[in-house]
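# Structural features, examined
Below are the chains, spelled out letter by letter.
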Amino acid sequence: MARRCLGQGIDSIPKEVLIDCAQLVKANSIQGCKMNNINVVYTPWSNLKKTGDMDVGQIGFHRQKEVKVLTVEKKINEILNRLEKTKDERFPDLAAEKESRNREEQNERKAQIQEMKRREKEEMKKRKETEELRCYSSLMKSENMSSNQDCGYDSDDFM
């Protein structure tokens, strides 16, 4: 089953957004911009199926039930003009962005490793302290030891 972003499905897309997208598809299509009453097909990306024997630009679908069709009767210039005004075309340096992202991920991994080593040292220190508390070697020092004879007790006198 396809995962949904934040619990939203393809059916929850507002009709106005779909109409705007369909108008853009029609305007940017070589054949579609010349024709009226065209069908715009949309589906979740997980439903797209592309095999090696397909031509360039050709796709298929895994589940036909998830395919939606929207009919665009004619071009609406008001929508296209409004969308053209909000167009923000960027030409990012993808190699530099990937490199910086990899660097950030590497720094995060290093920080996690350092944190893990710090925890291990703390855990080792705590384990050593508890082991010393359980061990009798601190009690068995010669200055802490005394005999009954030193204290003046005679164990045979009680009988």
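What you are looking at is a predicted structure, and each value in this text was computed from that prediction instead of being measured.

### Description of unusual backbone geometry
Its identity is not glycine, yet Asn37 carries a phi of approximately 55°, on the positive side. Checked against the element boundaries, Asn37 lands in the loop between helix 1 (15–28) and strand 1 (38–42).

### Some details on helix 2 (residues 77–85)
Looking at helix 2, one finds that the buried residues are Ile79, Leu80 and Leu83. Each buried residue of helix 2 sits inside an arc of 95° when the element is viewed along its axis, so together they form one side. Along helix 2, the residues that are exposed and aim more than 90 degrees away from the buried face are Glu78, Glu84 and Lys85. Along its buried surface, helix 2 packs onto helix 1.

### Section: the nonpolar core
The biggest cluster of nonpolar side chains holds 6 residues, and these are Leu18, Ala22, Ile38, Val40, Leu70 and Val72. For this core, the secondary structure elements donating two or more residues are helix 1, strand 1 and strand 4 (68–72). In contact with Val72, not counting residues within four places along its chain, are Ala22, Gln23, Lys26, Asn36, Asn37, Ile38 and Val40.

Rules of the game
Residues numbered from 1 in each chain as written. Predicted model: local features only at pLDDT ≥ 70, side-chain atom pairs only at ≥ 80, totals over all residues. Heavy atoms only, no water. Helix = DSSP H or I, 4+ residues; strand = E, 2+ residues; numbered from the N terminus. Buried < 20%, exposed > 50% of the residue type's maximum accessible area, 1.4 Å probe, protein only. Arc of directions from axis to C-beta. Contact = heavy atoms within 4.5 Å. Core = buried A, V, L, I, M, F, W, Y, C linked by side-chain atoms within 4.5 Å.

None of this, on its own, says anything about what the molecule does.
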